[in-house]
Amino acid sequence: MKGQNYIDGRWIDGEVSFETVNPSDLDEVVGSYSKVGEAQIREAMAAARRAQPGWAAFNMQARSDILRKVGDLLIERSREIGTLLAREEGKTLADAIGETVRAAQCFHYSAGDVLRAQGEWYNSMRDGFNVVVTREPVGVVAAITPWNFPVALPAAKIAGALSFGNTVVLKPSSYVPGSAVMLARLLEEAGVPAGVFNLVMGDGRAAGNIMIDEADALTFTGGTSTGRLVLSRAAETMTKCQLELGGKNALVVLDDADLDLAVEIAGNGAWIQTGQRCTGTERIIVTKGIHDAFVERMAKKAASYKVGHALDADTQIGPVCNVQQFNENLQFVKDAQGEGAELAAGGVAVEGRTRGLFMAPALLVNTQSDWRCNQHESFGPIAAVMKVEDLDEAIHAANNCEYKLSSGIATTNLKSAERFRKASQAGMVTVNAPTAGLEYHVPLGGRSPSGYGPRESGAAAAEFFTESKTSYINHGAL
Ligand code: NDP
């Protein structure tokens, strides 16, 4: 694929060319692209600024219809887009198609948001007055996204922003620009007016800084360390921020858990999609009565997955997305062993039919809560198990980590589930379900430093993508 930047309704080349390769087959080039220069980013921001009043005033029904059409097109082309996604990011074709459908659902949901009333009417304390609270678009939204969900994450941000009358400049991860190009083509085809949506490929910091400086709001998903840089830059211009950041999500397994279910949800959370989900399970906290049986079954589960080329029909776990992450994953496992963890399964590079970044799902056992392997995000197919006495110790261990994104518990005891749900400091909690695999119609996000600012998705989107205005109307004076 040859992908260009999309600025003010025109497809243009940038200044510095680059290529992406298929992590399932490093000998295959997936696409050639070019990064924009400073003037082009400024032009994209200016185009979004010019287009914003017109888009905010655009007929409601027509705006909703356009968003719905984007969703329809995503479903219609889900195999084509999913295939590209699988080739550039490495998730299996089934997961990639599923992600594309999820992106469509975000557009369909946001098409409905356009039509929902946005305001409240109050009686006033003053005779002859009333008070009206309305919501207005925040303005120009900069969206910066990571590589692990290259269709669904940009889609959620774009759909939410556009539905409330904002315009958007998107900068995708440099590892996965092709998916963003596909999305931009569909937005154009659906009739999004020139300047309302713009796509720029650029270096994170250089492009990001200009976008943050010139936008009214920034919606960012990525690593916590990048989030800190972004936040300090945004502080200079006081740009409104929504940051969805890293996780080190814990799953607690209690003695009374259904063992089959516990193994299923732990395996899914930890290893499916190559562990490259921000909500993936990286810590598994197991009470002593079930610990040994659980570990034995999990080691077998890890070994049972078919790791391979993302487009092969029988592949369950695709490659790691890029060489840097691949090397970091292998080093993470070695470092964990260095601090005393035992490797019960995987954790090594495996050969496939092609020259890909394949890694066997890793299970680290006999770890301690304060070890590095239970404190630092790995963002790979790596889970660390720690043994605890009881629920109290499990809650303490689950909360003993700076990240606060997602957490879960496997138990058949409702009282224990409810205690954990209340005590968990994570932004999202699951009971008898994987810590990952969340829904688009409800708020998504973690507490700081896993998240910052208003949550994404569902009703929470209005909080970020609009500003409220309180008006006092003295109708009695007339
Ligand atoms: P990064 O933080 O490395 O990059 C994310 C995006 O930020 C990329 O587009 C990158 O551009 C850009 N960027 C890099 N530096 C800057 C900067 N100084 N200013 C502005 N933008 C910048 O994350 P990854 O792509 O490696 O994604 C993995 C991370 O994302 C993990 O930590 C994961 O937990 C998190 N994540 C969180 C989610 C959540 O909802 N909480 C969901 C999904 C992922 P470029 O690629 O050009 O460097």
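None of these values were measured; they are calculated from a predicted model.

What counts, and at which threshold
- Residues numbered from 1 in each chain as written.
- Predicted model: local features only at pLDDT ≥ 70, side-chain atom pairs only at ≥ 80, totals over all residues.
- Heavy atoms only, no water.
- Disulfide = S-S within 2.5 Å.
- Buried < 20%, exposed > 50% of the residue type's maximum accessible area, 1.4 Å probe, protein only.
- Near = heavy atom within 4 Å.
- Polar contact = N/O pair within 3.5 Å; in protein donor to acceptor, adjacent residues only side chain to side chain.
- Areas by Shrake-Rupley, 256 points an atom, 1.4 Å probe, with all protein chains shown as cover.
- Nonpolar A, V, L, I, M, F, W, Y, C, P; charged D, E, K, R; others polar.
- Domains from an automatic or database assignment.
- Axes fitted to C-alpha atoms, helices over the stretch in contact; angles between N-to-C directions.
- Helix = DSSP H or I, 4+ residues; strand = E, 2+ residues; numbered from the N terminus.
- Parallel < 35°, antiparallel > 145°, perpendicular 65-115°, else oblique.
- Left-handed = near helix turned anticlockwise from the far one by under 90°.
- Contact = heavy atoms within 4.5 Å.
- UniProt positions renumbered as here; feature names shortened; annotations may be inferred.
- Salt bridge = Lys/Arg side-chain N within 4 Å of Asp/Glu carboxyl O.
- Pairing = 2+ DSSP bridges.

A. Broad picture of the state of the cysteines. Per the stated rule, a full pass over the model turns up zero disulfides. Just so you know, Cys401 is unpaired, no disulfide at all, and the nearest cysteine sulfur is the one on Cys373, 11 Å from it. The class of Cys401 is buried, set by a relative accessible area of 6%.

B. Fine view of the site of the ligand. The local shell around the ligand holds 30 residues, among which Thr145, Ser174, Thr226, Leu245 and Glu377 are the closest. Take Thr145: an N or O atom from its main chain is 2.8 Å from an oxygen atom of the ligand. At a separation of 2.6 Å, an oxygen atom of the ligand approaches a polar side-chain atom of Thr226. Summarising the interface, the protein chains cover 86% of the accessible area of the ligand, which totals 920 Å² for the free molecule. Residues belonging to the shell around the ligand are distributed by class as follows: 13 nonpolar, 13 polar and four charged. For the shell around the ligand, the two domains that each supply at least three residues are domain 1 (5-245 + 449-472) and domain 2 (249-431).

C. Focus on the packing of helix H2 (residues 60-76) against helix H6 (residues 177-190). Look at H2 against H6: their axes get within 9 Å of each other, and the N-to-C directions meet at 130°. Classified by the angle their axes make, H2 and H6 are oblique. For H2 against H6, the interelement crossing comes out right-handed. Residue-level inspection shows Ile66, Lys69, Val70, Leu73 and Leu74 of H2 in contact with H6, the latter providing Leu183, Leu186, Leu187, Glu189 and Ala190.

D. Representation of the UniProt feature "domain: Aldehyde dehydrogenase" (unreviewed entry) in the protein in the model. As recorded in UniProt, the feature "domain: Aldehyde dehydrogenase" (unreviewed entry) lies at residues 11-470. The straight-line gap between the two end C-alpha atoms of residues 11-470 is 41 Å; of that span, 42% is helix and 22% is strand.

E. Expanded view of the pattern of salt bridges. With the rule as written, the count across this model stands at 28 salt bridges. A salt bridge links Glu189 to Arg77; the nearest nitrogen and oxygen atoms lie 2.8 Å apart. Of the two residues, Glu189 sits in helix H6 while Arg77 sits in the loop between H2 and helix H3 (78-89), which places them 112 residues apart along the sequence. Note on Glu189: relative accessible area 43%, which makes it partly exposed. Asp213 is the salt-bridge partner of Arg233, the closest N and O atoms lying 2.6 Å from each other.

F. Region of the structure containing the side chain of Ser424. Of note, Ser424 is situated in the loop between helix H13 (414-423) and strand E18 (428-431). By relative accessible area, Ser424 is classed as buried at 6%. A polar atom in the side chain of Ser424 sits 2.8 Å from the side chain of Ser407. Excluding residues that lie within four positions of it along the chain, Ser424 makes contacts with Asn399, Ser407, Val429 and Arg447.

G. Geometry of the sheet that holds strand E13 (residues 281-287). Sheet architecture is open: seven strands sit in the order E14-E15-E16-E13-E12-E17-E18, paired in mixed fashion. Each edge of the sheet is formed by a strand with only one pairing partner; in this case those strands are strand E14 (342-345) and E18. Across the sheet, the mean angle from the axis of one strand to that of its neighbour is 25°, orientation sign disregarded. Bridge analysis of strand E17 (residues 406-410) against E18 gives four bridges, and the strand direction is parallel. Within E18, the residue paired with Ile409 across the bridge is Val431. Helix H9 (residues 259-271) rests against strand E12 (249-253), E13, strand E15 (362-365), strand E16 (382-388) and E17 of the sheet, and its axis sits at about 135° to E16.

H. Broad picture of the UniProt feature "active site" (unreviewed entry) in the protein. As recorded in UniProt, the feature "active site" (unreviewed entry) lies at Glu244. Here Glu244 lies in strand E11 (residues 240-244). Every residue in contact with Glu244, bar those within four places of it in the chain, is listed here: Phe220, Thr221, Gly222, Leu444, Gly445, Gly446, Ser450, Pro454, Arg455 and Glu456.

I. Spotlight on unusual backbone geometry. In this structure, the amide linkage connecting Ser448 to the following residue, Pro449, adopts the cis form with an omega of 5°. Looking at the secondary structure, you find Pro449 in the loop between E18 and strand E19 (451-452). Phi is positive for Asp8, which is not a glycine, with a value near 55°. Checked against the element boundaries, Asp8 lands in the loop between strand E1 (5-7) and strand E2 (10-12). Under the relative-accessibility criterion, Asp8 is labelled partly exposed at 23%.

J. View of the side chain of Ser450. Within the secondary structure layout, Ser450 lies in the loop between E18 and E19. There is a polar contact of 2.8 Å between the side chain of Ser450 and the backbone nitrogen of Lys404. Those residues in contact with Ser450 that sit more than four places away from it in its chain are Leu243, Glu244, Leu245, Gly246, Gly247, Tyr403, Lys404 and Leu405.

K. Region of interest: the sheet that holds strand E5 (residues 119-123). Ordered in space as E5-E6-E20, the three strands form an open sheet in which the pairing is antiparallel. In this open sheet, the two strands that pair with only one neighbour each are E5 and strand E20 (466-474). Ignoring strand direction, the axes of neighbouring strands in this sheet form an average angle of 20°. In the sheet, strand E6 (residues 129-137) pairs with E20 via nine bridges, with the strands oriented antiparallel. Note that in E20 the partner of Val133 across the bridge is Thr470.

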